[in-house]
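The lines below spell out each chain.
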Amino acid sequence: MVDLTEEERMAMLAAVKRVAEVMDEIGWERRLADLTEPQVLALIEVAVGGFQDAMGEIAASNPEIPF
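Draft legend 1. Up close: the overall build of the protein. Looking only at helices and strands, the protein features 2 helices and 0 strands. Taking 67 residues into account, the globule formula puts the C-alpha radius of gyration at 11 Å, and the protein, at 14 Å, lies well above it. For the C-alpha atoms alone, the extent of the protein along its principal axes is close to 45 × 25 × 15 Å. Within the protein, buried positions represent 24% of all 67 residues. Per element, the accessible surface of the protein, about 5,200 Å² overall, is 59% carbon and sulfur. Across the protein, the 5 positively charged side chains and the 14 negatively charged ones have centroids separated by 7 Å.

Shown next, in the form of structure tokens:
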């Protein structure tokens, strides 16, 4: 496992919230193996996008972060 920074942990939590919204639409009772390809891709898209957006917001709010 990679050692995450505090900012990365915060971004992951923000991404989880977006993933949960998609899972609400899909249905929490569905097994991962039963998801369709578009559903899996949607989960990946919101997870990655949520992480990137949160990291951008964190960086914008802290001028000491060099990215």
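So that's the structure; there's more coming.
Draft legend 2. Just the pattern of salt bridges, in detail. Applying the stated rule across the entire model yields 2 salt bridges. With its nearest N and O atoms 2.9 Å apart, the salt bridge here joins D53 to R18. With a gap of 35 residues between them, D53 in helix α2 (residues 37-61) and R18 in helix α1 (residues 6-26) connect regions that are remote in the sequence. In this structure, the salt-bridge partner of D34 is R31, at a minimum N-O distance of 3.1 Å.

Draft legend 3. Broad picture of α1. Taking 1.5 Å of rise per residue, the 21 residues of α1 would be expected to cover 30 Å, and the 30 Å separating its terminal C-alpha atoms lies within 8% of that figure. Buried within α1 are the following residues: A11, A15, V22, M23 and I26. Seen along its axis, α1 keeps its buried residues to an arc of 125°; they face one direction. Across from the buried face of α1, at angles greater than 90 degrees, the exposed residues are E6, L13, V16, K17, E21 and D24. For α1, the secondary structure elements touched by its buried residues are α2. Once α1 finishes, G27 follows within two positions and takes phi at roughly 115°, a positive value.

About the cut-offs
- Residues numbered from 1 in each chain as written.
- Predicted model: local features only at pLDDT ≥ 70, side-chain atom pairs only at ≥ 80, totals over all residues.
- Heavy atoms only, no water.
- Helix = DSSP H or I, 4+ residues; strand = E, 2+ residues; numbered from the N terminus.
- Rg over C-alpha atoms; globule rule 2.2 N^0.38 Å.
- Buried < 20%, exposed > 50% of the residue type's maximum accessible area, 1.4 Å probe, protein only.
- Areas by Shrake-Rupley, 256 points an atom, 1.4 Å probe, with all protein chains shown as cover.
- Lys, Arg positive; Asp, Glu negative; His and termini not counted.
- Charge placed at Lys NZ, Arg CZ, Asp CG, Glu CD.
- Salt bridge = Lys/Arg side-chain N within 4 Å of Asp/Glu carboxyl O.
- Expected span 1.5 Å × (residues − 1).
- Arc of directions from axis to C-beta.
- Contact = heavy atoms within 4.5 Å.

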